Amino acid sequence: MKVLLSWLNEYADDGFADPADAEAVARLSDTMTALGLEVDGIEHLGGTVDGVVTARVLRLEQHPDAAKVQRVYVDAGDGTDRHVWCGAFNMQPGDVVPLATLGTTMPNGMTIERRGILGIDSEGMLCAPDELGLGDDHSGIMILPEGSDLGVPYGDVLGLEPDVLFDLSIERNRPDCWGYVGIARDLAAQMGIEFRPPTPALTFDGPERTAPVEIVDGDRCGRFTSVVMSGVRVGPSAPWMQRRLGAAGMRPISNVVDVSNYVTLELNQPTHAYDLDTLGGGGFRIRVAAEGEELITLDGETRELTPSDLLICDAEDRPIGIGGVMGGLDTEISDGTTVVAHEIAWFTPLTVLQTSSRLGLRTEASARYERGCDPYVIDTAHARFAELLRETCPELVVHAGMADARGESMPERDRTTTVRVMEVNRILGTSLTADDLPPLLDPIGYTVSGEGDTRTVVLPTWRPDSTDEVDVIEEVARHYGYDRLGQAVPHSPSHGGLTVRQQRRRRLRDVLLGLGISEAMPNPFLAPDTLAKAGLDGPTINITNPLVVEESVLRTSLRPGLLESVAFNESHRRFGARLFEIGHVYPPGDGELPDEYEALCVVLAGADATAAMGVWRELSAALGVGARIDQSRVPAGLHATRSATLQAGKEPTGAVGEVDPAVLQRFEVTERVAIVELNLDEVLAREPKPAQWKPVSRMPSSDLDLAFVLADEVPAEKLEKAIRQGAGTLLVDIDLFDVFRGPSLGDGRRSLAYRLRLQAPDRNLDDGDIADVRRSVVTATAKLGAELRG
C-alpha cells in the first residue's frame with residue numbers, strides 16, 4: 001500500500017515526521033516496521049523539474065500523415081506560439097498544461113531537445129503526471145487548474161512541497177491498516193502522539209428523499225445503506241486531492257469519483273456513488289446472481305455470473321454492480337449527473353473473495369472487503385464523503401431519509417474476550433502486570449476493564465481478525481515491542497527429527513543421486529495438450545485463474561515435465577540427460593478435491609529398459625520393498641513390448657521400461673528414454689523388509705551364459721524367476737544382456753540371453769558345480785516352455 005506522509009500527518013497534532021527531515025523519516029520507517037507494517041520502499045516526492053512551466057493550449061491540429069500524434073500550439077506566457085507534437089488527446093483549447101521547455105532534463109534522465117516529425121520540429125514536450133514524478137498516471141497530459149498563471153514553474157501552481165511516499169507491505173491480519181486512519185492509530189499509540197481521526201457528523205440539510213434498499217440474501221450482505229445527495233456538479237476534484245490520489249496509484253477521474261476513492265483509502269471503507277436518475281426504480285435490491293446472468297462492469301468487460309456471486313440491482317431488479325467488487329457501466333457518474341445515491345455496504349469477506357478470485361478481478365474495494373471492513377464506520381464515511389465533496393460542490397444538499405438495511409450476517413458491535421496476564425507472560429516471556437495492559441491496548445481501541453490478573457477487553461469493530469485472547473496478546477507484543485521480548489530457545493521433552501517417511505524419502509534421493517541422476521523441478525502446471533502428448537489422455541483439473549494460459553492444467557503425472565526437460569536439453573545439444581523428480585500429482589477425485597499423491601519419476605535419455613530395471617533394483621534394495629513385474633499391463637504412453645507395471649498386491653505401484661517412440665517424437669526427442677515411475681504414497685508407507693547381512697565371499701566367481709528361446713507371451717520376469725530358483729544359493733547376480741528375434745526362431749518367439757555370476761562363500765567352484773547349476777536352470781525353465789538355445 002502506498003502511504004503519503006503529508007496525508008498521514010493530518011491525523012496527529014504535530015504530525016508524525018517532517019518530510020524534509022531525513023532522520024525523522026528514517027525513524028518513522030523503523031517504527032512502522034517494528035509494528036509489523038513492513039516498509040518495502042521510501043520515495044521522496046515534491047521536488048519540481050526545472051524548466052517545466054505552465055502553458056495554455058491555443059489550438060489543436062491533426063496532421064493528415066500522423067494518426068497517433070497531434071500538433072499542439074501553446075503559449076507559455078511570453079505571447080509566442082510554440083508548436084509541440086503530442087501523443088495524448090485529452091486536452092482542449094484553453095487548458096493549462098505543464099510544458100517541458102527545450103534543454104530541460106526530465107526525472108528519467110531524458111533531455112528535451114528540438115526533434116522533428118514529418119519534417120516539423122517540436123519545441124518542447126507536454127507532460128503527464130508520471131513524467132513529473134507525480135504518481136503513476138500516464139493516461140494523458142496533466143491538466144492544471146483553470147486560470148493558472150502562465151510561464152511559471154508548475155510547482156508554484158500546484159503548491160508542491162517536499163513529501164515522502166512509503167510503500168508498505170500490509171499482511172492479511174491487519175485489515176484496518178488498509179486505510180490511513182488505521183495506520184495513524186497504530187503510530188500515534190506507539191509514539192505517544194494524540195490521534196486525531198476525521199469525525200464528521202452525518203447531518204441532513206435537505207428534505208426527505210430516499211433510495212430504498214431491499215436485502216434479499218442477508219447471509220451475504222450484512223448492511224447496505226444509501227444517502228441521496230443533490231446539487232452535485234461533476235468536474236475535476238481539488239488539486240491537492242488529485243495529487244494525493246495520484247501518489248497512491250489512483251488516476252483522478254472526477255470530483256465525485258475521486259472523493260469516493262479518497263474516503264476508501266482514508267477510512268478503509270469502499271463507497272460508491274450512483275447516478276440516481278439512471279437508477280431504475282430509484283432504489284437498490286441485493287440478491288445472488290442467476291446462473292449465466294451477465295453484467296458489463298465499469299471497465300467495459302462483460303462478466304458472466306453464477307449463484308456464488310452477489311449482485312447489487314436497482315429497484316427493478318436490473319444488475320448494476322457486483323457486490324464488493326465493481327460497479328456496473330450503466331449507472332456510472334457522468335458529466336450530467338446532478339443527484340447521486342451514495343451507497344456504502346458491508347459484505348461477508350468470503351463472498352467477495354470467491355467472486356473476485358473466480359472472475360480474476362481485483363479492485364481496491366475487493367482487496368478491503370475480502371479482508372474485513374468495519375460495518376460501524378459507515379455513517380462516518382457518508383459524512384466524510386459529503387464534507388469533501390462540498391469543496392467542489394458548494395451547493396451540495398444531503399437529504400434526510402437515509403436507507404439502512406440489515407442482513408443476518410451483520411457482525412455484532414460488542415465483542416469481548418478475557419485476557420489473563422499469566423498467559424500473556426507465558427507466551428511472550430515477559431513479566432508484565434495486569435496494570436500494564438491498558439496503556440498498551442486502550443490507545444489502539446482495545447478497551448481494558450476489570451480488576452485482578454484477568455481483565456475484560458472490548459475488541460474494536462475495525463479489527464475483525466481479533467476474536468480470542470491470543471489475538472489480544474499479539475497486540476500487546478506489537479506495542480510492547482518485539483525487540484524487547486528477547487530470544488529464548490523453546491524447551492521440548494523430545495528432540496526434533498525426521499519421520500520414518502522423511503528418512504526413507506531422503507534415502508531414496510541419496511540413492512538416485514549416487515547413481516548419477518540429477519534432480520529436476522519442472523512446473524506442476526501444464527498446457528492442456530501436454531498430457532495428451534505424453535499419451536496420458538483422461539480427465540484433468542483446470543486452474544480457474546492461471547498465471548498464463550499455457551499453464552492452466554494441474555499435472556496428473558510427473559512424466560510430461562521431465563520429457564520437456566529432456567527435449568530442452570537435447571535442443572541445446574546436451575544428450576543423455578538423466579533426471580528424476582519427487583513431487584505431487586493431481587488426478588481428479590470423486591469429490592471437489594483431487595486424489596493428490598506423492599510420486600517419483602526417473603528418465604534416462606539414451607538408455608533402454610535394461611537401465612530402467614537396474615534403477616528399480618537399486619531402489620528396491622535400498623527401500624526394502626519389492627514388486628511383481630507385470631508385462632501384460634503396460635501403462636499408457638510407454639513402449640508396448642519394453643515396459644511393464646510394477647505390481648504390489650492388487651494395486652499397481654509404478655511402472656518400468658521405455659517411453660513410447662510416438663510420444664518421444666511428439667516431444668521432438670530422438671534418443672530412447674528409459675523410465676521408472678513410483679507411487680511414493682504406496683512405496684514409502686510399506687513396511688520395509690529387514691535388511692540381512694550377508695558375508696562377502698573371498699572366493700573367485702565364475703560366469704555362465706545361457707540363452708533361452710520362449711514364447712513372446714511369457715514375461716521375461718517369469719523366466720528370470722525360474723533361473724534364480726534353479727541356480728540356488730550359488731547365484732550372486734544375473735544380467736539380461738541380449739534379446740533376439742528372427743525367422744530362425746519362428747513367429748511369436750524370442751531369445752533371451754542371461755549372464756549368471758556364480759560364487760560359493762567357502763570354496764572354489766569346479767566344473768561339476770557349474771554343470772549342476774546349468775542342469776538345474778534348464779530343468780526349472782523348461783516348465784515355462786523355454787528351450788536352451790545352442
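Residues numbered from 1 in each chain as written. Predicted model: local features only at pLDDT ≥ 70, side-chain atom pairs only at ≥ 80, totals over all residues. Heavy atoms only, no water.

Attention shifts here to the overall build of the protein chain. The helix and strand inventory of the protein chain stands at 20 helices and 38 strands. Relative to a compact globule of 790 residues, whose C-alpha radius of gyration would be 28 Å, the protein chain shows 38 Å and is clearly more extended. Based on the C-alpha atoms only, the size of the protein chain along its principal axes is roughly 115 × 85 × 60 Å. Looking at the protein chain residue by residue over its 790 residues, the buried ones come to 50%. Put simply, 68% of the contacts in the protein chain that link residues at least 6 apart link residues at least 24 apart. Accessible surface computed for the protein chain: about 37,900 Å², of which carbon and sulfur atoms make up 48%. (Helix = DSSP H or I, 4+ residues; strand = E, 2+ residues; numbered from the N terminus. Rg over C-alpha atoms; globule rule 2.2 N^0.38 Å. Buried < 20%, exposed > 50% of the residue type's maximum accessible area, 1.4 Å probe, protein only. Contact = heavy atoms within 4.5 Å. Areas by Shrake-Rupley, 256 points an atom, 1.4 Å probe, with all protein chains shown as cover.)

Tallied over the full model, the rule gives 53 salt bridges. Look at the salt bridges and you will find they share partners, linking Arg174, Asp176, Asp186, Arg463, Asp465, Glu475 and Arg478 into a network. (Salt bridge = Lys/Arg side-chain N within 4 Å of Asp/Glu carboxyl O.)

Let us look at the environment of proline 715. Take proline 715: it is sitting in the loop between β35 (702-711) and α19 (716-727). Counting along the chain gives 85 residues from proline 715 to aspartate 630, while the straight-line C-alpha distance between them is 7.6 Å.

On to helix α6 (residues 255-267), then. In this model, α6 (13 residues) spans 18 Å end to end at C-alpha, consistent with the 18 Å of a helix rising 1.5 Å per residue. The element α6 is extensively covered by neighbouring structure, given that 11 of its 13 residues are classed as buried. Every buried residue of α6 is accounted for by Asn255, Val256, Asp258, Val259, Ser260, Tyr262, Val263, Thr264, Leu265, Glu266 and Leu267. On its buried side, α6 packs onto α1 (5-8), α4 (180-191), α5 (239-247), β13 (272-275), α8 (364-369) and α9 (378-389). Asparagine 268 lies just past α6 and shows a positive phi near 60 degrees. (Expected span 1.5 Å × (residues − 1).)

Right, let's get into the side chain of aspartate 275. One can find aspartate 275 in strand β13. The charged side chain of aspartate 275 is buried without a salt bridge, its nearest counter-charge being arginine 209 at 8.7 Å. Separated by 3.0 Å, the side chain of aspartate 275 and the backbone nitrogen of aspartate 277 make a polar contact. With sequence-adjacent residues up to four places away left out, aspartate 275 is seen in contact with Thr331, Glu332, Ile333, Ser334, Thr337 and Val339. (Lys, Arg positive; Asp, Glu negative; His and termini not counted. Polar contact = N/O pair within 3.5 Å; in protein donor to acceptor, adjacent residues only side chain to side chain.)

A few words now on the nonpolar core. Ranked by internal contacts, the top residues of the largest apolar core, which has 60 residues, are Met32, Phe166 and Ile183. Ranked by size, the runner-up nonpolar core spans 35 residues in total, among them Ile320, Val339, Val352 and Ala405. (Core = buried A, V, L, I, M, F, W, Y, C linked by side-chain atoms within 4.5 Å.)

Further remarks concern the sheet that holds strand β5 (residues 81-86). Taken in spatial order, the five strands make up an open sheet running β5-β4-β3-β6-β9, and their pairing is antiparallel. With partners counted over all chains shown, the strands left at the sheet margins are β5 and β9 (125-126), one partner each. (Pairing = 2+ DSSP bridges.)

Taking 1.5 Å of rise per residue, 13 residues should cover 18 Å, and helix α15 (residues 559-571) covers 18 Å from first to last C-alpha, within 8% of that figure. Considered for burial, the residues of α15 that qualify are Arg559, Pro560, Gly561, Leu562, Leu563, Ser565, Val566, Ala567 and Glu570. Taken together, the buried residues of α15 touch β27 (525-526), α14 (530-533), β29 (578-585), β30 (597-605), α17 (661-666) and β34 (673-679). One or two residues past the end of α15 sits arginine 573, with phi positive at roughly 60 degrees.

Further remarks concern the sheet that holds strand β1 (residues 2-4). Strand order in the open sheet formed by three strands is β1-β10-β2, with antiparallel pairing between adjacent strands. Edge strands, defined here as strands with exactly one partner in the open sheet, are β1 and β2 (38-45). For this sheet, the mean angle separating the axes of adjacent strands, direction not counted, is 25 degrees. Sheet topology places β1 next to strand β10 (residues 163-169); three bridges connect them, and they run antiparallel. For lysine 2, the partnering residue across the bridge sits in β10 and is aspartate 167. (Axes fitted to C-alpha atoms, helices over the stretch in contact; angles between N-to-C directions.)

Tracing the backbone shows histidine 83 in strand β5. The buried category is assigned to histidine 83, whose relative accessible area is 6%. Side chain to side chain, histidine 83 and arginine 71 meet in a polar contact 2.9 Å long. Separated by 2.8 Å, the side chain of histidine 83 and the backbone oxygen of aspartate 121 make a polar contact. Setting aside residues up to four positions removed in sequence, histidine 83 forms contacts with Arg71, Val72, Tyr73, Ile120, Asp121, Ser122 and Glu123.

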